Amino acid sequence: MKTLRDIENLQGVRVFLRAAFDVPIKNGVVVDDFRIRAALPTIEYLRSRGAKVLMVSHVEVIQGERASLEPVAVALGKLGVPVKFVKDYKKAFGMMENEIKDGECILLENLRAWEGEKGNDKKFARELASLADIYVNDAFSVCHREHASIVGVPQFIPGYAGLQIEQEVANLSKAFDPAHPFLFILGGAKFETKLPLVNRFLGIADTIFIGGALANDFFKAKGYEIGRSLLSKGDFDLAPLLNDPKILIPVDVATESGENKKADALAKADKIMDIGAESVKIIKGKIESAKFILWNGPMGLYEDGYRGPTLDIAKMIGDATQRRATTIVGGGDTIAAIATLKLEDGFTFISTAGGAMLDFLAEGTLPGLEALK
Ligand code: ADP
Ligand code: MG
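Presented here is a report on the structure given in the accompanying data block. (Residues numbered from 1 in each chain as written. Chains lettered and ligands numbered in written order. Predicted model: local features only at pLDDT ≥ 70, side-chain atom pairs only at ≥ 80, totals over all residues. Heavy atoms only, no water.)

Topic: the overall build of the chain
Okay, step 1: Per the secondary structure count, the chain includes 14 helices and 17 strands.
Okay, step 2: Compactness check: the chain gives a C-alpha radius of gyration of 22 Å against a globular reference of 21 Å for 373 residues, within 12% of the reference.
Okay, step 3: Each of the three principal axes of the chain carries a C-alpha extent, and together these read 70 × 45 × 35 Å.
Okay, step 4: When burial is assessed residue by residue, the chain has 54% of its 373 residues classed as buried.
Okay, step 5: Here the analysis covers contacts within the chain between residues at least 6 apart in sequence; of these, 74% occur between residues at least 24 apart.
Okay, step 6: Working note: accessible area of the chain is about 16400 Å², and carbon and sulfur atoms make up 49% of it.
Okay, step 7: Side chains of the chain give 46 positive and 50 negative charges; the mean places of these two sets differ by 1 Å. (Helix = DSSP H or I, 4+ residues; strand = E, 2+ residues; numbered from the N terminus. Rg over C-alpha atoms; globule rule 2.2 N^0.38 Å. Buried < 20%, exposed > 50% of the residue type's maximum accessible area, 1.4 Å probe, protein only. Contact = heavy atoms within 4.5 Å. Areas by Shrake-Rupley, 256 points an atom, 1.4 Å probe, with all protein chains shown as cover. Lys, Arg positive; Asp, Glu negative; His and termini not counted. Charge placed at Lys NZ, Arg CZ, Asp CG, Glu CD.)

The structure is reproduced here in structure tokens:
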């Protein structure tokens, strides 16, 4: 994979920069600019070397909001990156040729306003590619998507990884060749999306602790009563994993009724909301001896306040980082759950990606990375 730093001369070069500006927007204003700030090193790298930067991103449609990147243009300006906002990419052709000077930037409107983006339409990708001389991808969180701006454009112009992608790949790849003992803590929900991770890391990790709603699927497979607890959907078979000595599951749980119960002692009316105190102690022991820790997924339904064990684990992993264990954390909900702790510097690396991180860890690569080869 070629990276931005392999390019010798950027002066006057037209760069198509695929960024990840899908930030939360309320009443037309960006409410969390974390992802925009994360893109600044690559933007500054390009601007300071005289590139003409065409920034391109998607933004999700959020209830009641127009799915527009216009608020991102404002936010970029506040962060010291003035951009010309362009609603129709066809208008950008002339601007990139005549209007934009070296070191200046354009931000294009939400790419998903065009059908060709999600469908990876070849003609659309070729048109986008003709706007620039080179392609730079700094949107790791979207690299699992085979969209035109991720895999299509670099078919037509030379493609490079941005500084953020370099960081993500370098740090997440540490999990493929870790120090031991290696503890993998996996929580959250939807086993159908996380089972490939378990299968891959059974060959690498020394212990895999499975918590969150994922544990419910294990309890069920073991024949425990799980009452009204959340189960994953879809087709998967946990039977081969049930007696694997590397896999640990919670021994106790917190229920909606406010009780701490043994995992195999639930009643039909019970609903599991979190892991229990005894289980946190077991994880603590494992964290204390680990030299490498990978963590994805909250232990409980944190949106409803069940975040005690998740926060305890975050702090323990922070302590592990202090005593020089390598600690890697990621996942949209995981980061949201621990955001209040101000532990940004408490881990070796925090991934900005959700689904892309899971796919990268399970597969070792992503379509968007392959497209840069
Ligand atoms: P991430 O985004 O970090 O990868 P996931 O999306 O896999 O994490 O999972 C987060 C979701 O799992 C959250 O909505 C959380 O409430 C839910 N969850 C975790 N434990 C439970 C539980 N015991 N019951 C219901 N939902 C749970
Ligand atoms: Mg999630």
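Structure shown, so let's carry the discussion forward.
Remarks on helix 9 (residues 214-221)
Since the α-helix packs 3.6 residues into each turn, any two residues three or four apart lie on the same face.
Okay, step 1: A large share of helix 9 lies buried, amounting to six of its eight residues.
Okay, step 2: Every buried residue of helix 9 is accounted for by Leu214, Ala215, Asn216, Asp217, Phe218 and Phe219.
Okay, step 3: Elements in contact with the buried residues of helix 9: strand 9 (182-186), helix 8 (191-201), strand 10 (207-210), strand 11 (247-248), strand 12 (252-255) and strand 14 (272-275).
Okay, step 4: Gly223, located one to two residues past helix 9, shows a positive phi value of around 90°.

What about the nonpolar core?
Okay, step 1: Ranked by size, the top nonpolar core spans 70 residues in total, and within it Phe140, Val198 and Phe201 carry the most contacts.
Okay, step 2: Broken down by element, this core gets its largest block of residues, six residues, from helix 13 (residues 355-363).
Okay, step 3: Once you skip the residues sitting within four places of it in the chain, Phe201 turns out to touch Ala175, Phe176, Phe182, Phe184, Ile208, Leu294 and Leu361. (Core = buried A, V, L, I, M, F, W, Y, C linked by side-chain atoms within 4.5 Å.)

Brief notes about the packing of helix 8 against helix 13
Okay, step 1: Interhelical geometry of helix 8 versus helix 13 gives an angle of 35° and a closest axis separation of 8 Å. Regarding helix 8 and helix 13, the two cross each other, and that crossing is left-handed. Where helix 8 approaches helix 13, its residues Lys194, Pro196, Leu197, Arg200 and Phe201 are matched on the opposing element by Leu358, Leu361, Ala362 and Glu363.
Okay, step 2: For the contact of helix 8 with helix 13, a count of residues per class yields six nonpolar, no polar and three charged. (Axes fitted to C-alpha atoms, helices over the stretch in contact; angles between N-to-C directions. Left-handed = near helix turned anticlockwise from the far one by under 90°. Nonpolar A, V, L, I, M, F, W, Y, C, P; charged D, E, K, R; others polar.)

Side note on the sheet that holds strand 14
Okay, step 1: With antiparallel pairing, three strands are arranged side by side in an open sheet as 13-12-14. Edge positions in the open sheet fall to strand 13 (260-262) and strand 14, since each of these has one partner strand only. Taken pair by pair, the neighbouring strands of this sheet meet at an average axis angle of 45°, ignoring direction.
Okay, step 2: Sheet topology note: the strand 12/strand 13 ladder contains three bridges and is antiparallel. Opposite Val253, over in strand 13, you have Lys261 as the bridge partner. (Pairing = 2+ DSSP bridges.)

Remarks on unusual backbone geometry
Most peptide bonds take the trans configuration, and most residues that are not glycine carry a negative phi.
Okay, step 1: The step from His180 to Pro181 runs through a cis peptide bond, and the omega angle for that step is 0°.
Okay, step 2: Relative to the assigned elements, Pro181 resides in the loop between helix 7 (163-172) and strand 9.
Okay, step 3: The phi torsion at Lys190 lies on the positive side, around 70°, for a residue other than glycine.
Okay, step 4: Relative to the assigned elements, Lys190 resides in the loop between strand 9 and helix 8.
Okay, step 5: The backbone of Lys342 sits at a positive phi, close to 55°, despite the residue not being glycine.
Okay, step 6: You can see Lys342 is positioned in the loop between helix 12 (332-338) and strand 17 (349-350).
Okay, step 7: A relative accessible area of 65% places Lys342 in the exposed class.

Things to note about the side chain of Glu109
Okay, step 1: One can find Glu109 in the loop between strand 6 (105-108) and helix 4 (115-118).
Okay, step 2: A relative accessible area of 9% means that Glu109 is categorised as buried.
Okay, step 3: Within the structure, Glu109 has its side chain in polar contact with the side chain of Ser68 (distance 2.8 Å).
Okay, step 4: In this structure Glu109 touches Ser57, Arg66, Ala67, Ser68, Leu69, Glu70, Phe85, Val86, Lys87 and Trp114, once residues within four positions along its chain are discounted. (Polar contact = N/O pair within 3.5 Å; in protein donor to acceptor, adjacent residues only side chain to side chain.)

Brief notes about the packing of aromatic side chains
Okay, step 1: All told, the structure shown has twelve aromatic pairs when counted by the stated rule.
Okay, step 2: On the numbers, 6.3 Å between centres and 15° between planes, the contact of Phe176 with Phe201 is stacked. Of this pair, Phe176 sits in the loop between helix 7 and strand 9 while Phe201 sits in helix 8, placing them 25 residues apart in sequence.
Okay, step 3: Taking the relative accessible area as the measure of exposure, Phe176 reaches 24% and is therefore partly exposed.
Okay, step 4: Three or more aromatic residues link up through ring pairs in this structure, and these residues are Phe140, Phe176, Phe182, Phe184, Phe201, Phe292 and Phe360.
Okay, step 5: In this structure, Lys2 is placed above the aromatic ring of Tyr160, and the distance from its NZ or CZ to the ring centre is 5.3 Å.
Okay, step 6: Over the ring of Tyr45 we find Arg49, and its NZ or CZ is 3.6 Å from the ring centre. (Phe/Tyr/Trp six-rings, centres within 6.5 Å; stacked < 30°, edge-to-face > 60°. Lys NZ or Arg CZ within 6 Å of the ring centre and 35° of its normal.)

A closer look at empty space enclosed by the protein
Okay, step 1: All chains considered together, the criterion is met by two cavities of 30 Å³ or more.
Okay, step 2: Roughly 80 Å³ of volume is contained in the largest cavity.
Okay, step 3: Taken together, Ala20, Arg35, Ala38, Ala39, Asp138, Phe140, Ser141, Gln164, Ile165 and Thr352 make up the full set of residues lining the largest cavity.
Okay, step 4: Those elements that place two or more of their residues in the lining of the largest cavity are helix 1 (34-48) and helix 7.
Okay, step 5: Tallying contributions element by element places helix 1 first for the lining of the largest cavity, with three residues.
Okay, step 6: Class assignment of the residues belonging to the lining of the largest cavity gives a composition of five nonpolar, three polar and two charged.
Okay, step 7: If you go around the second largest cavity, the residues you meet are Val23, Ile25, Val59, Glu60, Ile62, Glu65, Arg66 and Ala67.
Okay, step 8: A breakdown of the residues in the lining of the second largest cavity according to their chemical character gives five nonpolar, no polar and three charged. (1 Å grid on protein atoms, 1.4 Å probe; cavity = no way out; pocket = protein on both sides within 12 Å on 5 of 7 lines; lining within 4 Å. Points joined across faces, edges and corners; volume = space filled by probe spheres on them.)

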